[in-house]
Amino acid sequence: MKKILLLGSGELGKEFVIAAKRAGLYVIACDRYDGAPAMQVADEREIFPMLDGDALDAVVRKHRPDIIVPEIEAIRTERLFAYEKAGIQVVPSARAADYTMNRREIRDLAAKELGIRTARYLYAKTFEEFKAAADKIGFPCVVKPLMSSSGHGQSFVHNDEELRAAYEGALEGARGDVKEMIIEEFIDFQSEFTLLTVTQKNGETLFCPPIGHVQVHGDYRESWQPYDIPPAALRTAQEMARKVTSALTGYGIWGVEFFLAKNGEVIFSELSPRPHDTGMVTLGHTTNFSEFELHLRAVLGLPIPAIYLEHYGCSAVVLAKEDSDKAPEYNLMDACKEDRTRVRIFGKPSQRVDRRMGVVLCYGDLPAGYDGDSRSFGKVEKPDLTPQIDALREKCKRVASTIIK
Ligand SMILES: Nc1ncnc2c1ncn2[C@@H]1O[C@H](COP(=O)(O)OP(=O)(O)O)[C@@H](O)[C@H]1O
Ligand SMILES: [Mg+2]
């Protein structure tokens, strides 16, 4: 039986573990705190800070996993190269995990080495550098710590008066030991989308139908699939995704994030070498395999005959309303009255305001004759499902608001 060491045990890890357990694998789930979502479904757990390289070494020595699956960015990723050398499969590869744990490496790779269109950007450590960078980029601009996720430490800066608070916020929101930030040109996009991309050991790179999403303060709130974008723009995004993932190497699913600018231009934003939060929509019966099942197959080098869109669908997050060391009471009664609706509660042991505690998933039938084969996306114009999806998004958000009273 293959042994998987999962580094990070959030809701995405939990669904991956469920997929792995269904395939009969043995999983050790790791995180900084006990009772994390993925631990609840794994065989064993380890509790330690994954930025601590020595603690990570000790856990790897103790369990001797066949496969290491990073679920978060904040890992002492330098150590992954040694594990890979020692014959452990690192997912998707040590290089991919290392390049994406810090915004600098991945951004420089995409923009400078691969020549992919991104927002213009500069880096800063001191306030003086920060101010100079903002002057060059112009207002409004976006500032993010080099190491952060889910909008932590991120802000939009509109004028000189806002510079100081944005700078302090980026320092405070930074995770780990990197006290540096990226300043980006603000992209006035029509929308943003995720292209779930699957790289395979024996097989070509696959793309799921695009996922549209909405973020608030840099944190995902809802997503839907498929997202209707012009075939030519989608092909551009697919090419960009293919380029970046092949430069990073390895097998697995990747969440590649793009902006669709108001002028129709496709702009690469960032990527995660693992299932993506906006991809949770696939848990709601949109595609024949969820992003977690796809990840598992790719990781194990198993064939994926095809990816089909089987329904259109959307997801809306359930956020905590208070700070407490206890989980909230969940009301499933109202949501379960709704047809074609699913609820996933992550089982986080404690809450704080706006922490993601669960997700609601809704889906609907594709119109007759709709070609759901993922290979046809980007090739042919699809019937526009925006009106149906807009209505479903409203339903999904309404249901999500009933879960925590
Ligand atoms: N340059 C930008 N212009 C406009 N919006 C941005 C820009 N960068 C980030 N955002 C917004 O903030 C969100 C989070 O930023 P992102 O770079 O994806 O960081 P994270 O790693 O926290 O997901 C994006 O999905 C987008 O909504
Ligand atoms: Mg992001």
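Fair warning: this is a prediction, and the values are worked out from it, not measured in the lab. (Residues numbered from 1 in each chain as written. Chains lettered and ligands numbered in written order. Predicted model: local features only at pLDDT ≥ 70, side-chain atom pairs only at ≥ 80, totals over all residues.)

## A closer look at the overall build of the protein
(1) Moving on: When helices and strands are tallied, the protein shows 11 helices and 18 strands.
(2) Moving on: Relative to the globule expectation of 22 Å for 405 residues, the C-alpha radius of gyration of the protein, 20 Å, shows essentially globular dimensions.
(3) Moving on: The dimensions of the protein, computed from C-alpha atoms along their principal axes, are 55 × 55 × 45 Å.
(4) Moving on: Contacts in the protein between residues far apart in sequence, at least 24 positions, make up 65% of those at least 6 positions apart. (Helix = DSSP H or I, 4+ residues; strand = E, 2+ residues; numbered from the N terminus. Rg over C-alpha atoms; globule rule 2.2 N^0.38 Å. Contact = placed C-beta atoms within 7 Å.)

## As for the pairing of strand S10 (residues 189–200)
(1) Moving on: In this structure, S10 lies alongside strand S14 (residues 252–261), joined through 10 bridges in antiparallel fashion. In the sheet register, valine 198 faces S14, and the bridge partner there is isoleucine 253.
(2) Moving on: Two elements, S10 and strand S12 (residues 211–216), share three bridges in a ladder whose sense is antiparallel. From the neighbouring strand, glutamate 192 faces S12, where its bridge partner is histidine 213.
(3) Moving on: Both S10 and strand S11 (residues 203–207) contribute to a ladder of three bridges, which runs antiparallel. (Pairing = 2+ DSSP bridges.)

## Some points on the site of ligand 1
(1) Moving on: Around ligand 1 there are 17 residues in total, and Ala119, Glu184, Ile187, Gln215 and Gly218 lie nearest to it.
(2) Moving on: When contributions to the shell around ligand 1 are tallied by element, the ones reaching two or more residues are strand S7 (141–145), strand S9 (181–185) and strand S15 (266–272).
(3) Moving on: Considered class by class, the residues forming the shell around ligand 1 number four nonpolar, seven polar and six charged.
(4) Moving on: If you count residues domain by domain, the shell around ligand 1 takes at least three from each of domain 2 (120–185) and domain 3 (189–400). (Near = placed C-beta within 6 Å. Nonpolar A, V, L, I, M, F, W, Y, C, P; charged D, E, K, R; others polar. Domains from an automatic or database assignment.)

## Comments concerning the sheet that holds strand S2 (residues 26–31)
(1) Moving on: Taken in spatial order, the five strands line up as S3-S2-S1-S4-S5 in an open sheet, and their pairing is parallel. At either end of the open sheet lies a strand with only one pairing partner, and these are strand S3 (44–47) and strand S5 (89–90).
(2) Moving on: Running at roughly 165 degrees to strand S1 (residues 3–7), helix H2 (residues 53–63) makes contact with S1, S2 and S3 of the sheet. (Axes fitted to C-alpha atoms, helices over the stretch in contact; angles between N-to-C directions.)

## Topic: helix H11 (residues 386–400)
Quick reminder: α-helices carry 3.6 residues per turn. Residues three or four places apart thus point the same way.
(1) Moving on: Given a rise of 1.5 Å per residue, 15 residues ought to cover 21 Å, and the 20 Å separating the end C-alpha atoms of H11 matches this to within 8%.
(2) Moving on: Listed as buried for H11 are Ile389, Leu392, Cys396, Val399 and Ala400. With its buried residues spanning 95 degrees around the axis, H11 presents them on a single face. Residues Pro387 and Asp390 are exposed on H11 and point more than 90 degrees away from its buried face. (Expected span 1.5 Å × (residues − 1). Buried ≥ 20, exposed ≤ 12 C-beta atoms within 10 Å, placed from the backbone. Arc of directions from axis to C-beta.)

## Notes on the nonpolar core
(1) Moving on: Ranked by size, the top nonpolar core spans 110 residues in total, and within it Leu6, Leu7, Ala29, Ile183, Phe258 and Val360 carry the most contacts.
(2) Moving on: With near-sequence residues (within four places) excluded, isoleucine 183 lies in contact with Tyr121, Leu122, Ala124, Phe130, Ala133, Ala134, Ile137, Cys141 and Val143. (Core = buried A, V, L, I, M, F, W, Y, C linked by C-beta atoms within 7 Å.)

## Description of unusual backbone geometry
(1) Moving on: Note the cis peptide between valine 91 and proline 92, where omega equals -15 degrees.
(2) Moving on: The amide bond that connects glutamine 225 to the next residue, proline 226, takes the cis arrangement and shows omega of 0 degrees.
(3) Moving on: By the element assignment, proline 226 lies in the loop between strand S13 (219–225) and helix H8 (231–248).
(4) Moving on: Positive phi, close to 50 degrees, is recorded for serine 150, a residue that is not glycine.
(5) Moving on: Within the secondary structure, serine 150 is located in the loop between S7 and strand S8 (155–157).
(6) Moving on: In this structure serine 150 comes out as partly exposed when scored by C-beta crowding, with 15 C-beta atoms within 10 Å.
(7) Moving on: Of note, the phi angle at arginine 340 is positive, near 50 degrees, even though the residue is not glycine.
(8) Moving on: A count of 15 C-beta atoms within 10 Å places arginine 340 in the partly exposed class.

## Structural notes on helix H1 (residues 11–22)
(1) Moving on: In a regular helix each residue adds 1.5 Å, so 12 residues correspond to 16 Å; H1 covers 17 Å between its end C-alpha atoms and thus fits that length.
(2) Moving on: Burial of H1 is extensive: nine of the 12 residues sit out of reach of the surface.
(3) Moving on: For H1, the complete set of buried residues consists of Glu11, Leu12, Gly13, Lys14, Glu15, Phe16, Val17, Ala19 and Ala20.
(4) Moving on: Buried residues in H1 make contact with S1, S2, strand S4 (67–70) and helix H9 (291–300).
(5) Moving on: Following H1 by one or two positions, glycine 24 adopts a phi angle in the positive range, close to 80 degrees.

## Regarding the sheet that holds S8
(1) Moving on: The strand order S6-S9-S7-S8 describes an open sheet built from four strands, whose pairing is antiparallel. Unpaired on one side and paired on the other, strand S6 (121–124) and S8 mark the two borders of the sheet. Strand after strand, the sheet turns through a mean of 25 degrees between neighbouring axes, direction not considered.
(2) Moving on: The sheet contact formed by S7 and S9 spans five bridges and is antiparallel. In the strand pairing of S9, proline 145 is matched with methionine 181.
(3) Moving on: Strands in contact with helix H6 (residues 127–137) are S6, S7, S8 and S9; relative to S9, the strand with the most contacts, it is inclined by about 15 degrees.

## Some details on the packing of H1 against H9
To describe two helices that pack against each other, one gives the angle between their axes and the distance between the axes.
(1) Moving on: Two elements in contact, H1 and H9, have axes whose closest approach is 9 Å; the angle formed by their N-to-C orientations is 55 degrees. Taken together, the axis directions place H1 and H9 in an arrangement best described as oblique. In terms of crossing hand, the pair formed by H1 and H9 is right-handed. Only Phe292, Glu293, His295 and Leu296 of H9 make contact with H1, whose side of the interface consists of Glu15, Phe16, Ala19 and Ala20.
(2) Moving on: Tallied by class, the residues present in the contact of H1 with H9 amount to five nonpolar, one polar and two charged. (Parallel < 35°, antiparallel > 145°, perpendicular 65-115°, else oblique. Left-handed = near helix turned anticlockwise from the far one by under 90°.)

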